[in-house]
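Notes for the structure review
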Amino acid sequence: MCTFDKDKGPRRLMKMGLTLILIGHINFILGAIVHGSVLRHISKPSQHITTEYTIANIISVTSGLLSIATGIIAIVVSRNLPVLKLQIGLLIASFLNALLSAACCVGLFLAIGITVAHNGEGLMLGCNDTEVPINARSPVSARCPFDTTRIYDTTLALWIPCALLAAVEVGVSVWCFIVGLALRGLAPCGNSYIKEQLEVEAECAPQSQRLIGRRLKPDV
């Protein structure tokens, strides 16, 4: 698990970074669609902000943005393995992204469970003609200031992919965190010896450049 090949590892790290960037963009777009086309009516200060709205939009969008940032850092690290600041940045970003993505995944599944269990009553808070709970699966008699057509199905159709993608973000972020531990030689990945290899390579690089410079310099 802690093995990191100095030759093939950077390419794999770059692929993981690209994966995080792609998934982060998709999660960000899905969260924006949920907010813009489905839950916009409960984001106003005059309405109640439901648990579903907070979880689906705030955490999901933030997780998407952090995944994009972590992916960019992973790509930069794959091209500059010996740089200490980038290794620390990869450790911090991947750790925070794993935590936030895990919270996003759990929160989204919780929101899906609440919505299904209560037949989407939280999605119909804008229909406040009466105090009687309104069923989002059959809002025929409800007079709402927004279009209730397929609000229940659309919300679940967007939340489920977000939750699954957040789970993938957790796995990729944990892998990037383990790579950061291996690069720094920290437990439990302190026996990978990749840190020593990078240090030796960094020490040999200036000497090789001086030798090449002497060979290319014309005799005076």
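In this report, the structure presented in the accompanying data block is examined. (Residues numbered from 1 in each chain as written. Predicted model: local features only at pLDDT ≥ 70, side-chain atom pairs only at ≥ 80, totals over all residues. Heavy atoms only, no water.)

Re the overall build of the protein chain
- A count of helical and extended segments in the protein chain gives five helices and zero strands.
- The helix and strand sequence of the protein chain, counted from the amino end, reads α-α-α-α-α.
- Counting over 220 residues, the protein chain shows a buried share of 40%.
- Long-range contacts, defined as pairs at least 24 residues apart, comprise 74% of the intrachain contacts of the protein chain with a sequence gap of at least 6.
- Total accessible area on the protein chain stands at roughly 12500 Å², and carbon and sulfur atoms take up 63% of it. (Helix = DSSP H or I, 4+ residues; strand = E, 2+ residues; numbered from the N terminus. Buried < 20%, exposed > 50% of the residue type's maximum accessible area, 1.4 Å probe, protein only. Contact = heavy atoms within 4.5 Å. Areas by Shrake-Rupley, 256 points an atom, 1.4 Å probe, with all protein chains shown as cover.)

With respect to the environment of Val170
- Examined against the element boundaries, Val170 turns out to sit in helix H4 (residues 151–184).
- Taking relative accessible area as the criterion, Val170 reaches 21% and is therefore assigned partly exposed.
- Residues within four places of Val170 in sequence aside, it is in contact with Ala98, Ser101 and Ala102.

Quick look at the environment of Leu66
- Relative to the elements of secondary structure, Leu66 occurs in helix H2 (residues 51–79).
- The spacing of Leu66 and Ala98 is 32 residues in sequence and 9.7 Å in space, taken between C-alpha atoms.
- Among all residues touching Leu66, those that are not within four sequence positions of it are Leu96, Asn97 and Leu100.

Let's talk about the side chain of Gln87
- Mapped onto the fold, Gln87 is located in helix H3 (residues 84–117).
- Of the residues examined, Gln87 reaches a relative accessible area of 2% and is grouped as buried.

Structural notes on H3
- Over its 34 residues, H3 extends 49 Å from the first C-alpha to the last, a length consistent with the 50 Å expected when each residue adds 1.5 Å.
- Asn119 sits one or two positions beyond H3 and adopts a positive phi of about 55 degrees. (Expected span 1.5 Å × (residues − 1).)

Some points on the packing of aromatic side chains
- In the structure shown here, the tally under the stated rule is one aromatic pair.
- Relative to Phe177, the ring of Phe95 has its centre 5.6 Å away and its plane inclined at 40 degrees; by these criteria the two rings are tilted. Linking Phe95 in helix H3 with Phe177 in helix H4, this pair joins segments that are 82 residues apart in sequence.
- Classification of Phe177 as partly exposed rests on a relative accessible area of 25%. (Phe/Tyr/Trp six-rings, centres within 6.5 Å; stacked < 30°, edge-to-face > 60°.)

Considerations on the nonpolar core
- Membership of the largest hydrophobic core comes to 18 residues, with the highest contact counts inside it found for Leu30, Leu108, Leu156 and Trp159.
- Examining the composition of this core, we find that nine residues originate from one element, H4, more than from any other.
- One finds Leu13, Ala74, Trp175 and Cys176 within the second-largest nonpolar core, a separate group that totals 11 residues. (Core = buried A, V, L, I, M, F, W, Y, C linked by side-chain atoms within 4.5 Å.)

Quick word on a nonpolar patch on the surface
- A cluster of nonpolar side chains, contributed by Leu84, Ile88, Ile92, Phe95, Leu96 and Leu99, occupies part of the molecular surface with about 530 Å² of accessible area.
- Its location among the elements puts Ile92 in helix H3.
- With a relative accessible area of 47%, Ile92 lands in the partly exposed category. (Patch = residues over 30% accessible without salt bridge, like charges linked within 9 Å, V, L, I, M, F, W, Y side chains within 5 Å. Salt bridge = Lys/Arg side-chain N within 4 Å of Asp/Glu carboxyl O.)

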